[in-house]
Amino acid sequence: MSTREIPRRKTGKGWFRRDWRLYAMLLLPIAFYLIFCYKPMIGIVMAFEKFSKSKGIFGSKWVGLDNFKFIINKMPDLGTALKNTLLLNFMGLIAGFPMPIILAIMLNEIRCTGIKKVSQTMLYLPHFLSWIIIGGMVLQIFAPTTGVINATLRKWRWIGPEENVPFLTEGWPWRIVYTLVGVWQSMGWGTILYLSAITGINMELFEAARIDGANKMQQIWHVTLPGIRGTIVVLLILNVGQMMNISFDKPFVLGNSRVEEYCDVLSTFVYRAAIKNHEWARAGAIGLFQSVVGLILISTANFVTKRLGEDGIW
Amino acid sequence: MKKTLAILLTLALLLGLTGTALADDDWITLKVEAFDRDIPGFNVADCMQLHYAQEHFGDPNHIKLEFVPVARWTEGEKLGLVLGTGNEPNICITYDGGLVNKAIEDEEIYQLDELLEEYGQNLIAFLGRDTLLPFGQVDTDEDGTPEQWFIPARRLEVENVGNFIRADWLAALNMEKPTDIESFEAYLRAAKEANLGGAQTIPMQFDLYEANPLYNVNRFTDAFIDFSKVTEEDWFAYCRNHEMLPGAKEGYRWLNKLYHEGLLYENFDLDDDAASDTALTQGYFGFFSMQPDQPWRPDKNYEVELENNVPGASWTSVNCFKNASLDKYLHDVYAANGLSIIIPVKSTTKEQAIAAIKYLDWMSLPENMFFMQNGVEGINYLAVTEEGIPTEVQSADAVPDEYKMHAGDIVFISNGLYYGSDERNAAGRALKFDAKYTPELIQSYIDAGTDAWTQISFSGTIQAENDFGSMVQSKQGAFLSKVITCAPEDFDKVYDEAVDAIRKVGADDMIEEFREAYNEGRARGTFPGNP
């Protein structure tokens, strides 16, 4: 293999003059992060204020930890919401994390391009459906009596004429439906990163494995998986960091009053506790609390991965 | 050469623009919030009513009017985001009383006493100095005389509860109209046994209304309250928690019984309203409860849709939720005020605030209100009665886009069409409906006003309600699901636990503060236990 000689970095602005186009391209993402991620952080002070919009972030009265105390002492639902958030996210991680990997490997093994493209498109499709639509579908499928599954089970006499499988009306069945619907919705989209990682694996490795007599499963186990290990680890750490974050629409749409104590999560809690009654400082306090826990989780995950000899994310 | 020409042209354009701006210097802009209901073809920000107001009010006064559309069903949240920031319209309207109270506390809105006295005499006359205006008064400086902080809209129609059963089912069962719980239950049971709506017959429909779950249920369960054990003070203290009043438990036990006998809509808390609406017009339901005019409204006529599917079917109003301890029917009616109109300080100069009151004052004059509410003769309505009330009113899809209008969302000082007196208003209301429904409609309004009590509100902030109101409502939703669907033998346990959960998330604080406010004389509304 021949390597082209790369000019050594010179002192002064030589490196900048050479790569200024690349740096210019970097400006946009930097601006994005500054404007949408760093600037709003100034608003964190709201969490420590009796915030009034007319007085502004810097003019409102400072109240120390009052907002935090109020939420912790006066709102017993916070504990439930926290528990549900972690549990639903954890279930989602366990059931949902391996799925895109398995799917990506399976897609990668499809030799006929036509079938591959069609199945990929069909797998991506649910990602583009809004949760409102999915919520309607879930109701049509899983509702008691009128839902497709319960009606079918009754017809086949697997359950009695007055019985129902409580998919949406009891805690654990609801949690499972919630998790599986989430997996179904996101697994196709999740394969994209893994597929590109698989493409990056050196084909010579597969060839060598074949010559050594490895069958398909052995190739997957000894070549494909180790080849995308880095990607898997980085995505796992990022996912663990997201354990405290939960979207609003999914639990709000899929939840109902019969499973209120199972479907109330931090996002829906914030909506009720702070947004509906315009208590922005309380929303800020809960948000800050969420971020701190998220930071702890992601740091721990990163630390553990590094200890296990992987690269981590920083 | 080209370049110079371009520069010159641009300069000329800029100069021209500044020139116009300078000429318009004595004009001011007045931004007015207007609810938007997504009526197809109707552009709130560029509608006939705006053009009329601009021509007859704006132009003579050198005021440029702008309507700012805000989605009706999320108006409180939308306004809450901008109020106090300086980006809000100069006249804001909202049904969110908590938001208004917060704005008063934070001094984000104008105190209106002087402005109203000086520029709003017609408005005061329309609202009534002693009837409506006090709803907008709060004694913030605690000197004993309350100040005017917002302008309450005048509600012309206070009836709220309409209960309807199928007239054709009654005839088929050879039954009289039910007059109490027992006869109503007998009707439900007979309808189910006869499968009058086919295999999918569901005698009693109701939907869980998530924004306020017990609001629509109280009208059934209040019939079970034992008023011999309820004082007026309790009634006000528990105004958001009727489920805790003595006897209410039996009401929920009754619903639980209906549910298990298959007499109550099984998916009341799961399905969306659309599914339940469909079932209603398919003829599966034998009872439903909404507003008194609901079955016959011109824009969504449940009766016509039902009749298309089930020939000969019709709805009739029924009064059957009789409270035994009072021997009364207990219908709640709205207070006389509608939404709240406020003028924010940060976005509005004193000059604009004066213009705002002038605009509302102009709106309250009979000829202006008439046009703004009814539109153009020959297009929006085809004729007028001898009394001068528009008739043959055209629905929105029957008029060209540029004539589409929404009376209530633009003429927000009046909640309902105003024709000068209660009698004329009632006559006007009836004319909006197909004449063949008039007898039913009249009966429905009489029923809805029988033994009525006025909904409860408080002047000034109830801090606990602001803090915990939505938490309590969410738990009330769970409460309703649990007590209706639980096994009958577990009912007592489930009920007690669910009530306890409501108390814990803040209902206790609310009850206590409501009680205090009642004793301070800040409560409005009536107690049905009073003779």
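Here the residue numbers are simple positions, counted from 1 along each chain's written sequence. All chains are assigned letters beginning with A, and all ligands numbers beginning with 1, in the order in which they are written. Two thresholds apply to this predicted model, a pLDDT of at least 70 for residue-level local features and 80 or more for giving and counting side-chain atom pairs, whereas whole-chain, interface and lining totals are computed over all residues.

Each helix and strand in chain B was counted, giving 20 helices and 17 strands. Over its C-alpha atoms chain B spans a radius of gyration of 26 Å, differing by no more than 12% from the 24 Å that the globule rule assigns to 531 residues. In chain B, which comprises 531 residues, the share counted as buried stands at 47%. A pair of residues counts as a contact when their C-beta atoms, built from backbone coordinates, are within 7 Å of each other. Within chain B, contacts between residues at least 6 apart in sequence are counted, and of these 76% link residues at least 24 apart. Secondary structure is summarised from DSSP: a helix means a run of H or I of at least four residues, a strand means a run of E of at least two, and numbering begins at the N terminus for each. The reference for a compact globule is 2.2 Å times residues^0.38; the radius of gyration itself is calculated from the C-alpha atoms. Residue burial is a threshold on neighbouring C-beta atoms within 10 Å of the residue's own C-beta, all placed from the backbone, with 20 or more meaning buried, 12 or fewer meaning exposed, and counts in between meaning partly exposed.

Attention shifts here to the overall build of chain A. Within chain A one finds 15 helices and two strands. Relative to a compact globule of 314 residues, whose C-alpha radius of gyration would be 20 Å, chain A shows 25 Å and is clearly more extended. Viewed in the frame of its principal axes, chain A has a C-alpha envelope of about 70 × 70 × 35 Å. Going through the 314 residues of chain A one by one, you find that 27% of them count as buried. Across chain A, contacts joining residues at least 24 apart in sequence account for 65% of those joining residues at least 6 apart.

We now examine the interface of chain A and chain B. At the interface, 23 residues of chain A touch 29 residues of chain B. When residues in the side of chain A that touches chain B are grouped by element, the largest group, three residues, is from helix α14 (residues 266-275) of chain A.

Moving on, we get to the packing of helix α9 (residues 203-211) of chain A against helix α10 (residues 216-227) of chain A. All names here are of chain A. To get an axis, fit a line to the C-alpha atoms, keeping to the stretch in contact for a helix; angles then go from 0 to 180 degrees between the N-to-C directions. The N-to-C vectors of α9 and α10 enclose an angle of 145°; their axes lie 10 Å apart at closest approach. Between α9 and α10 lies a crossing whose hand is right-handed. Each of L205, F206 and A209 in α9 lies in contact with α10, whose residues at this interface are Q219, H222 and V223. When grouped by side-chain class, the residues that make up the contact of α9 with α10 number four nonpolar, two polar and no charged. Left-handed describes a crossing in which the near helix is turned anticlockwise from the far one by less than a right angle; the clockwise case is right-handed. Polar here means any residue other than Ala, Val, Leu, Ile, Met, Phe, Trp, Tyr, Cys and Pro, which are nonpolar, and Asp, Glu, Lys and Arg, which are charged; Gly is therefore polar.

In this section: the pairing of strand β1 (residues 28-36) of chain B. Residue and element names in this part refer to chain B. Most of β1 is tucked away: seven of the nine residues are buried. Where β1 meets strand β2 (residues 63-71), nine bridges bridge the pair, whose relative direction is parallel. Across the sheet, K31 pairs through a bridge with E66, a residue of β2. Once the chain exits β1 it traverses helix α2 (residues 48-61) before rejoining the sheet at β2, and the crossover so formed is right-handed. Two strands make a pair as long as DSSP finds a minimum of two bridges between them. By convention, orient the strands away from the viewer: a clockwise path from the first strand over the helix to the second makes the crossover right-handed.

Turning to the sheet that holds strand β8 (residues 287-290) of chain B, a few remarks are in order. Residue and element names in this part refer to chain B. Here three strands make up an open sheet; going across it, the order is β8-β7-β9 and the pairing antiparallel. What marks the edges here is a single partner per strand, and that holds for β8 and β9 (315-317). Ignoring which end each strand starts from, the neighbouring axes of this sheet average 30° apart. Note: strand β7 (residues 162-166) against β9, three bridges, orientation antiparallel. Counted as the bridge partner of I165 is T316 from β9.

Let's shift gears to helix α19 (residues 463-485) of chain B. All names here are of chain B. Here, expected helix span is obtained from the residue count minus one, scaled by 1.5 Å. With 23 residues, α19 extends 33 Å from end C-alpha to end C-alpha; this agrees with the ideal 33 Å at 1.5 Å per step. Two axes define the bend at a residue: one fitted to the seven residues ending there, one fitted to the seven starting there, and the bend is the angle between them. For α19, the principal kink sits at G469 and spans about 55°. Counting buried positions along α19 gives 21 out of 23 residues, so the element sits mostly inside the fold.

Quick look at the sheet that holds strand β6 (residues 151-155) of chain B now. Read from one edge to the other, the open sheet built from four strands follows the order β3-β11-β6-β14 (chain B), with strand pairing classed as mixed. For this open sheet the edge positions go to β3 (92-94) and β14 (414-415) of chain B, each flanked by a neighbour on one side alone.

Attention shifts here to the packing of α19(B) against helix α20 (residues 491-519) of chain B. All names here are of chain B. With their axes 7 Å apart at the nearest point, α19 and α20 run at an angle of 170° to one another. Regarding the angle of α19 to α20, the classification is roughly antiparallel. Looking at the contact of α19 with α20 residue by residue, the classes come out as 17 nonpolar, three polar and six charged. By definition in this entry, angles of less than 35 degrees are roughly parallel, angles greater than 145 are roughly antiparallel, angles of 65 to 115 are roughly perpendicular, and the rest are oblique.

Turning our attention to helix α14 (residues 350-363) of chain B. An ideal rise of 1.5 Å per residue puts 20 Å on 14 residues; α14(B) measures up with 20 Å between its terminal C-alpha atoms. Here α14(B) lies mainly inside the structure; ten of its 14 residues are buried.

Residue and element names in this part refer to chain B. Take Y437: it is sitting in the loop between α17 (422-431) and α18 (438-449). Looking at Y437, the number of C-beta atoms within 10 Å reads 21, which means it is buried. Sequence separation between Y437 and G449 is twelve residues; the distance between their C-alpha atoms is 18 Å.

The next point concerns the domain arrangement of chain B. Residues and elements named next belong to chain B. Domain boundaries shown here were taken from an automatic or database domain assignment. Annotation of chain B at the domain level lists domain 1 (27-149 + 337-415) and domain 2 (162-334 + 453-524). Each partner contributes residues to the interface: domain 1 has seven residues there, and domain 2 has seven residues. Among the elements of the structure, α4 (97-105) and β4 (137-138) are those that each provide at least two residues to the side of domain 1 that touches domain 2. Looking at which element gives the most residues to the side of domain 1 that touches domain 2, the answer is α4, with four residues. For the side of domain 1 that touches domain 2, a count of residues per class yields one nonpolar, five polar and one charged.

Let's shift gears to the nonpolar core. Residue and element names in this part refer to chain B. Each nonpolar core reported here comprises buried Ala, Val, Leu, Ile, Met, Phe, Trp, Tyr and Cys residues connected via C-beta atoms within 7 Å. Membership of the largest hydrophobic core comes to 103 residues, with the highest contact counts inside it found for M204, F236, A498, I502 and F514. A total of eleven residues in this core trace back to one element, the largest contributor, which is α20. Not counting residues within four places of it along the chain, the set of residues in contact with A498 comprises A478, F479, K482 and V483. By size, the runner-up hydrophobic cluster in this structure holds 65 residues, among which are L50, I63, I91 and A355.

Our focus in this paragraph is the confidence of the model for chain B. Residue and element names in this part refer to chain B. Looking at chain B, the pLDDT average stands at 91 and 95% of residues meet or exceed 70. Taken element by element, the predicted model of chain B shows its lowest mean pLDDT in helix α1 (residues 2-23) (51) and its highest in β3 (97). Across the chain, each position has a pLDDT score giving the predictor's confidence in that residue, from 0 to 100. Low confidence marks residues 15-23, where pLDDT is under 50. Its contacts with residues over four positions away, or in another chain, come to zero contacts. As a predicted assembly, this complex carries a pTM of 0.88 together with an ipTM value of 0.86.

On to the environment of A:F206. All names here are of chain A. Counting through the fold element by element, F206 comes out in helix α9. Accessibility expressed as a C-beta count within 10 Å gives 16 for F206, which makes it partly exposed. In sequence terms F206 and G147 are 59 residues apart; their C-alpha atoms lie 48 Å from each other. Leave out the neighbours within four places in its chain, and F206 touches Q219 and V223.

In this model, A:T145 sits at a positive phi of 60°, which is unusual for a non-glycine residue. With respect to the helices and strands, the residue A:T145 is situated in the loop between α6 (131-142) and α7 (148-155). Even without glycine at this site, B:E392 takes up a positive phi of about 50°.

Along the chain, B:G521 turns up in the loop between α20 and β17 (523-524). For B:G521 and B:S459, which are 62 residues apart along the polypeptide, the C-alpha to C-alpha distance reads 9.1 Å.

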